[in-house]
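Below are the chains, spelled out letter by letter.
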Amino acid sequence: MKYDFRTIEPKWQERWERAGAFRAEDHSSKPKYYTLVEFPYPSGAGMHVGHIKAYSGLEVVSRKRRMQGYNVLFPIGFDAFGLPTENYAIKTGIHPREVTDRNIKKFTSQLRRVGFSFDWSRVVDTTQEDYYRWTQWIFLKMFEKGLVFRDTALVNYCPSCKVVLSNEDSQGGHCDICKSEIVQKSKTVWYLRITAYADRLLQGLDEVDYLPNIRQQQVNWIGKSTGAYVNFPLRGCDESLRIYTTRCDTLFGVTFMVIAPEHPILDKYRDRIVNTADMDAYREECAKKTEFERTQLAKQKTGVRIEGLTAVNPVSGKEIPIYISDYVMMGYGTGAIMAVPAHDERDYAFAKKFGIDILEVIKGGDISKEAYTGDGEMVNSGFLNGLTNKKDSIARMLAYLEEKGIGEAGVQYKMKDWAFNRQRYWGEPIPIVHCPHCGMVPVPYEELPLRLPQISNFEPGEGGESPLAKIESFVHCKCPRCGGDARRETDTMPQWAGSSWYYLRYVDPHNTACLADPEKLKYWMPVDWYNGGMEHVTRHMIYSRFWHKFLYDIGAVPCAEPYAKRTAQGLILGPDGEKMSKSKGNVVDPNDVVDEYGADVLRTYVLFMGDYASAAPWNESSMKGCKRFLERVADLWELVRPDGGSPKLETAFHKTVKKVSLDIEELKFNTAIAAMMTLLNEICEVGSLTPEQFSVLVRLLCPFAPHLCEELWETAGGEGLCSLAPWPEWDESKTVDSTVEVAVQINGKLRATVELPLNCAREEAIALAKADARIAPQLQGKTIVKEISVPNKIVNLVVR
RNA sequence: GCGGGCGUGGCGAAAUUGGCAGACGCGUAAGAUUUAGGAUCUUAUGUUUAUACGUGCAGGUUCAAGUCCUGUCGCCCGUACCA
């Protein structure tokens, strides 16, 4: 058969669509399987081949599952709210709705051309009113349950995007979207109390099957630490300074305290402080520093001693000085620390610089040179002296603190509450009304969706307020509670909102009564296998796990975890080995590849190019190997004969079916394809194959190159669609030949290989090995000290 | 610093519990075919003269190490003054 992909591919795409071949059934007696890929953000640039690789993995799994008789839900949609579209609108004046629709159209056509087996009847678009209605509904439910709060805080602000960012979106002190430097700004911010779920998000990881590195990243992100809160009395005040520490056993070694420059105690006891001028100067200096400067210029310690205010070490009774320094953060713990310079590197550096006492409480190091952070015997520590086990000394100290009422055990998380608002137009409006009498009042559920008003000027205000603030008709409203004049909240939700629950909407995308029908959720949830990029493993996944757990708590979903299994694919790099980006001009457009090579070659190549989880550079000439492979398969029909094949080829088929079946489950697509290539080589060597063998190969290859395989299936008179034909099975007993090649070593060095019957007995194998024409001469005059035989693998003769 | 991962031909990479290192593909070379080019097919292809040597480097365990152990160098990803 001539491999005419330009005719074949549109033909089968049309037939699949007409037959509804990949529609998931809501009511089915078949077992269900829900495969999920991360839905794309429809950017103006269109898709690149990285998207294709990201979807091809579970595409193969989904197709295999269908052939195995599962009712498969493999949906796609668009995460379409977001800044790039809005920035484009500002630049061009074209409404984001229009831009979004255009981009979605482009993405859809690209995806269709690749022949992905998505259920196109379930597409969701987060920017559609019937979708964001339910995003707002979830928000209001959280508001109702006290998980939404507002606070004035120093926030990460991007001066270029004019928008407040969460900690997650401003890592390394740079805006996640435009890469410009973040500044700290005091703003009123909406928060979601994700920290209330920190422990459950951590524990939930035990119930799911995530790749170990993915799990670890989430654990680190949540960042749970166990320790103690300790109160240090302030001399001459009724109040104590509260700190958090993981090493309360070193309490006797505390020689000073450090508090964050923003710590409220500084204002409260301002009249007692002698050197307010120095203090204010330092605080101002810190406020000006960006988060970036504060962490990068870190290693050099700066600070100011607060004169007139001292604390008392609650276990030793010694009076100790208090400093302010920006190495202590207001956002972690209590914003104050007890400093143990002898056993903490940062405290040590600070103490050296300011000439503060360093008191050893753990033996083992040389504290005249550096801080000792290892374990050892406790000294200078009263009742702890002599203890050598860290656990014991911590337990003893904790017991003491609790007994005396000085402190208590506690935990801390690195994870912070989720800053949940953006001063932007293209997002879900936050459905809250500010009433001068009633305060914050939720928009009634029956008024959802709270629609985005039509506007034409998308510029944010100079003060960084949302473009919505300029729309009088939107802002002015009546309070839903008292009916008086009120103002609408004008901030919108961050982009992460819509993607936090989209997998639920796929289950029932057109429901108008609830976010998804409970019965359908019960059938489809949880997602059996979720694949996506490593960059979404912390933010997106933790956010959506949090939303899901909340929905579980209010009875809206039937399971505690949304994703039963999670894997991640590696990037496709440009041909130059660099990350693909528009600015580097190394982006490969899937449309170009489909034009020149066809969708099946593209699909096969992105999976063949290397380990699925690793990054690999695009290499066009390497893709030609996949093209040749498919062309040779297309020609195979010529070799089909009822009496074709050979016993050896039959074994090769069983081996290959097994290998491909198992490799797909482990995302080892590269070796699965290699195995089929090897099989093809063997068929060509034999020169013929049976019709049944042909059918097996076509079905085996179908998830990878479905268009070609449908065509071959039809040519061979197969029944129905190849895509829905039964997955080939293998017979374990037929995966092995009757004879095996066994390596013969002398002193561990390969000297010959011998053909032995399968499962040849040890004695016989050794005897046959010794008798081999190449081995026997080498044993002349030598003594055999040891004979090792591993069945079907190796014989090793140790001689002297 | 901490957490995770990786280091194998000219290139992308394979290699169950330790058991023939380099499967499969690219590239390269020679030949066939072709008016020519391209495409296709056949053969060869880790280094080396047989012997020997080869999985970042140095040791170790073992009959046997890419795989296990100790030390060391380098790279990538994530995170970062987390008390």
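If you're wondering where the values come from, they're calculated on a predicted model, not measured in any experiment.

Scoring rules and cut-offs
- Residues numbered from 1 in each chain as written.
- Chains lettered and ligands numbered in written order.
- Predicted model: local features only at pLDDT ≥ 70, side-chain atom pairs only at ≥ 80, totals over all residues.
- Heavy atoms only, no water.
- Helix = DSSP H or I, 4+ residues; strand = E, 2+ residues; numbered from the N terminus.
- Buried < 20%, exposed > 50% of the residue type's maximum accessible area, 1.4 Å probe, protein only.
- Contact = heavy atoms within 4.5 Å.
- Phe/Tyr/Trp six-rings, centres within 6.5 Å; stacked < 30°, edge-to-face > 60°.
- Lys NZ or Arg CZ within 6 Å of the ring centre and 35° of its normal.
- Axes fitted to C-alpha atoms, helices over the stretch in contact; angles between N-to-C directions.
- Parallel < 35°, antiparallel > 145°, perpendicular 65-115°, else oblique.
- Left-handed = near helix turned anticlockwise from the far one by under 90°.
- Nonpolar A, V, L, I, M, F, W, Y, C, P; charged D, E, K, R; others polar.
- Salt bridge = Lys/Arg side-chain N within 4 Å of Asp/Glu carboxyl O.
- pLDDT = per-residue confidence, 0-100.
- Disulfide = S-S within 2.5 Å.
- Core = buried A, V, L, I, M, F, W, Y, C linked by side-chain atoms within 4.5 Å.

### Things to note about the overall build of chain A
Phase 1 of the analysis: From N to C terminus, chain A includes 25 helices and 28 strands.
Phase 2 of the analysis: In terms of overall dimensions, chain A has C-alpha extents of about 100 × 85 × 50 Å along its principal axes.
Phase 3 of the analysis: Expressed as a percentage of its 800 residues, the buried residues of chain A come to 54%.
Phase 4 of the analysis: Restricting to contacts in chain A with at least 6 residues of sequence separation, those with at least 24 account for 72%.

### Section: the packing of aromatic side chains
Phase 1 of the analysis: In this structure the tally under the stated criterion is 46 aromatic pairs.
Phase 2 of the analysis: Taking the centre distance of 6.1 Å and the plane angle of 65° together, the rings of Phe139 and Trp190 count as edge-to-face. With Phe139 in helix α5 (residues 129-144) and Trp190 in strand β7 (residues 183-192), this residue pair connects regions lying 51 residues apart in the sequence.
Phase 3 of the analysis: Residue classification places Phe139 among the buried positions, given a relative accessible area of 1%.
Phase 4 of the analysis: Here the basic side chain of Arg65 rests over the ring of Tyr70, its NZ or CZ set 5.8 Å away from the ring centre.
Phase 5 of the analysis: Geometry around Phe474 places Arg488 over its ring, the cationic atom sitting 5.6 Å from the centre.

### Describing the packing of α5 against helix α16 (residues 539-553)
Phase 1 of the analysis: The geometry of α5 relative to α16 is characterised by a closest axis approach of 11 Å and an angle of 65° between their N-to-C directions. In terms of orientation, α5 lies roughly perpendicular with respect to α16. By crossing handedness, the relation of α5 to α16 is classed as left-handed. Taking contact as the criterion, the partners of Thr135, Trp137, Ile138, Lys141 and Met142 in α5 are, on α16, Phe546, Trp547, Phe550 and Leu551.
Phase 2 of the analysis: Split by residue class, the contact of α5 with α16 holds seven nonpolar, one polar and one charged.

### A word on the pattern of salt bridges
Phase 1 of the analysis: Within the structure shown, the criterion is met by 44 salt bridges.
Phase 2 of the analysis: A salt bridge links Glu59 to Arg603, with the shortest nitrogen-to-oxygen separation between them at 2.8 Å. Here the residue Glu59 occupies a position in helix α2 (residues 49-67), and Arg603 occupies one in helix α18 (residues 599-608), the gap between them amounting to 544 residues. In this pair, the class of Glu59 matches that of Arg603, namely buried.
Phase 3 of the analysis: Note that Asp663 and Lys659 form a salt bridge whose closest N and O atoms lie 3.1 Å from each other. Pair noted here: Asp663 and Lys659 are both in helix α20 (residues 647-665), with a separation of four residues, about one helical turn.

### A closer look at the environment of Ala339
Phase 1 of the analysis: Assignment of secondary structure puts Ala339 in strand β14 (residues 336-339).
Phase 2 of the analysis: Between the alpha carbons of Ala339 and Val258 there is a distance of 6.7 Å; along the sequence they are 81 residues apart.
Phase 3 of the analysis: Not counting the four nearest positions on each side in its chain, Ala339 is found in contact with Gly253, Val254, Thr255, Phe256, Met257, Val258 and Asp347.

### Things to note about the confidence of the model for chain A
Phase 1 of the analysis: The pLDDT averaged across chain A works out to 91; a share of 98% of its residues lies at or above 70.
Phase 2 of the analysis: Predicted as a complex, the structure gets a pTM of 0.93 and an ipTM equal to 0.94.

### Here we look at the state of the cysteines
Phase 1 of the analysis: Tallied over the entire structure, the rule returns zero disulfides.
Phase 2 of the analysis: Considering cysteine sulfurs only, Cys479 is the nearest to Cys435, which forms no disulfide, with 3.6 Å between them.
Phase 3 of the analysis: On the basis of relative accessible area, Cys435 is assigned to the buried category, the value being 6%.

### Observations concerning the nonpolar core
Phase 1 of the analysis: In this structure, Trp618 and Phe704 are the most contacted members of the largest nonpolar core, which totals 89 residues.
Phase 2 of the analysis: The biggest single contributor to this core is helix α21 (residues 669-686), with nine residues.
Phase 3 of the analysis: In contact with Phe704, not counting residues within four places along its chain, are Val60, Asp600, Arg603, Thr604, Leu607, Val660, Ile664, Phe669, Ala672, Ile673 and Met676.
Phase 4 of the analysis: Of all hydrophobic cores here, the second largest spans 83 residues; its members include Phe139, Ala198, Leu521 and Tyr563.

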